[in-house]
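Now for the letters of each chain:
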Amino acid sequence: MKFFHTADWHLGKLVQGVYMTEDQKYILKQFVQAVEEEKPDVVIIAGDLYDRAVPPTEAVQLLDDVLHHIVLDLDVPVIAIAGNHDSPSRLDFGSRLMKQNGFHMIGRLQKDYKPVVLEDEFGEVYFHPIPYADPSMIRNLYEDDSIRNHNDAQAKIIEKIKASIPPNTRNVAIAHAFVTPFGEEAENTSESERPLSIGGSEYVDATIYKDFNYTALGHLHQAHYVANETIRYAGSPLKYSISEEHHKKGFYVVTLDGEGKVELEKRLLIPRRDMYTVEGFIEDILAESVNEDYVFVRLLDETPVLSPMEKIRSVYPNAMHVERKYYSALHLSDDSEQIQERRKMTELELFRAFYEEVKGEAPGDAAENIFKEALEAIMNEDK
């Protein structure tokens, strides 16, 4: 049994004011081409098909086009689950009709849960889709007041699944959760990952999945395994924040033999535009060749740069952000020379320094007069 493991498409994603739909279309075209060339037995999408509960029309159309080509044109089944960004009820719509054509969409976990069973030359393989759900929903579903967090909820679901698994079968779990080796707290792999809960109750113990031949995870955007090489995150197919600039994006090709042993291969996807940090002086950056990538620019200039984004976009037209590495109080330690110097400044001098840092130019007489009047009014309030 060979299947593709992907996750976290986040269709309709907006990054720094830029819709990523065209980039997503570009990357998914490569994915569909791989499906066409290799004809896996099934494609797994482990949650977060969309970036929000009510996605833009273009994102819905893109998902429809991709699934139509994979399921109907290529006759490859797809098993997909809802993630924390998706709307379970919207994804569930028409799921019974789509199931007949090979698209198994599980938006909401049902009490009368049934696995998706596929066959290869060695027999049946049981796929167990576990869509994202808040612990309170699982607590109500199973009428179990002991479920207080995500780990409890996943443990309860897995307990129910394992009770129904026939002996000597091959089993694949599909889940969307924050899984760590022993359920301990860990940092997100990306700034674009939305926390599942507040207060440390979102983490799930990887040992819960130890009895499955493979666990296909979604939620974290960096591809990696957790505790065991058969418990894996596929990661997102694109970079969705600068915190992901060093991620290697792609999907996994997973092969189960007749004994249930797993072979893995990571396939990389090449983006239409890469995303990374550019650091340098404005003069050197402006001397570079025009580049269409999504860049976050960090200027090394200590003196103010007038209209920095306008200048940078003459070289990097898709630049997403610009900041100055130096000359910013946000990047200075409390005992730095710059901070000490600023503490000696008068209110007017501080205003001038702040104005120049934000605007890139000195304030005029009119701006200074307004500041003086406001400062005088505030000082007179206590008299």
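Residues numbered from 1 in each chain as written. Predicted model: local features only at pLDDT ≥ 70, side-chain atom pairs only at ≥ 80, totals over all residues. Heavy atoms only, no water.

K.L.:
Can you break down the sheet that holds strand β9 (residues 170-176) residue by residue, with the values?
P.N.:
Taken in spatial order, the six strands of this open sheet run β7-β8-β9-β12-β14-β13, and their pairing is mixed. The outermost strands of the open sheet, each flanked by one partner alone, are β7 (116-120) and β13 (224-226). Each strand of the sheet is rotated relative to its neighbour by a mean of 30 degrees, with strand direction disregarded. Note that β9 and strand β12 (residues 214-218) share five bridges and pair parallel. In the strand pairing of β12, H176 is matched with G218. (Pairing = 2+ DSSP bridges. Helix = DSSP H or I, 4+ residues; strand = E, 2+ residues; numbered from the N terminus. Axes fitted to C-alpha atoms, helices over the stretch in contact; angles between N-to-C directions.)

K.L.:
Outline empty space enclosed by the protein, listing residues and values.
P.N.:
Throughout the structure, instances matching the rule amount to one cavity of 30 Å³ or more. What the largest cavity holds in volume is close to 70 Å³. The dominant element in the lining of the largest cavity, judged by the number of residues it contributes, is helix α6 (residues 150-164), at four residues. (1 Å grid on protein atoms, 1.4 Å probe; cavity = no way out; pocket = protein on both sides within 12 Å on 5 of 7 lines; lining within 4 Å. Points joined across faces, edges and corners; volume = space filled by probe spheres on them.)

K.L.:
Could you give an account of the pairing of strand β15 (residues 250-256), with specific residues and numbers?
P.N.:
Among the seven residues that make up β15, six are buried, leaving the element largely enclosed by the rest of the structure. Note that strand β1 (residues 2-6) and β15 share four bridges and pair antiparallel. Paired with H5 across the two strands is Y252, which belongs to β15. Across seven bridges, the pairing between β15 and strand β16 (residues 262-268) is antiparallel. (Buried < 20%, exposed > 50% of the residue type's maximum accessible area, 1.4 Å probe, protein only.)

K.L.:
Now, about the sheet that holds strand β5 (residues 78-81): what can you tell me, with residues and values included?
P.N.:
One open sheet holds the six strands; their spatial order is β6-β5-β4-β1-β15-β16, and the pairing between them is mixed. Edge strands, defined here as strands with exactly one partner in the open sheet, are β6 (103-106) and β16. Here the average twist between neighbouring strands, direction ignored, is 20 degrees. With four bridges joining them, β5 and β6 adopt parallel strand pairing. Paired with V78 across the two strands is F103, which belongs to β6. The strands touched by helix α2 (residues 57-73) are β4 (42-45), β5 and β6; relative to β5, the strand with the most contacts, the crossing angle is about 145 degrees. (Contact = heavy atoms within 4.5 Å.)

K.L.:
Tell me what's going on with the environment of D112, and back it up with residues and numbers.
P.N.:
Residue placement: D112 occurs in the loop between β6 and β7. The exposure class of D112 is exposed, given its relative accessible area of 59%. Measuring from C-alpha to C-alpha, the distance between D112 and R313 comes to 55 Å, with 201 residues separating the pair along the chain.

K.L.:
Kindly report on α2, identifying the contributing residues and their values.
P.N.:
End to end, α2 covers 23 Å across 17 residues, agreeing with the expected 24 Å (1.5 Å per residue, within 8%). Along α2, the residues classified as buried are A59, L62, L63, V66, L67, I70 and V71. As for α2, its buried residues are in contact with α1 (21-38), β4, β5 and β6. Positive phi appears at D75, one or two residues downstream of α2, with a value of about 60 degrees. (Expected span 1.5 Å × (residues − 1).)

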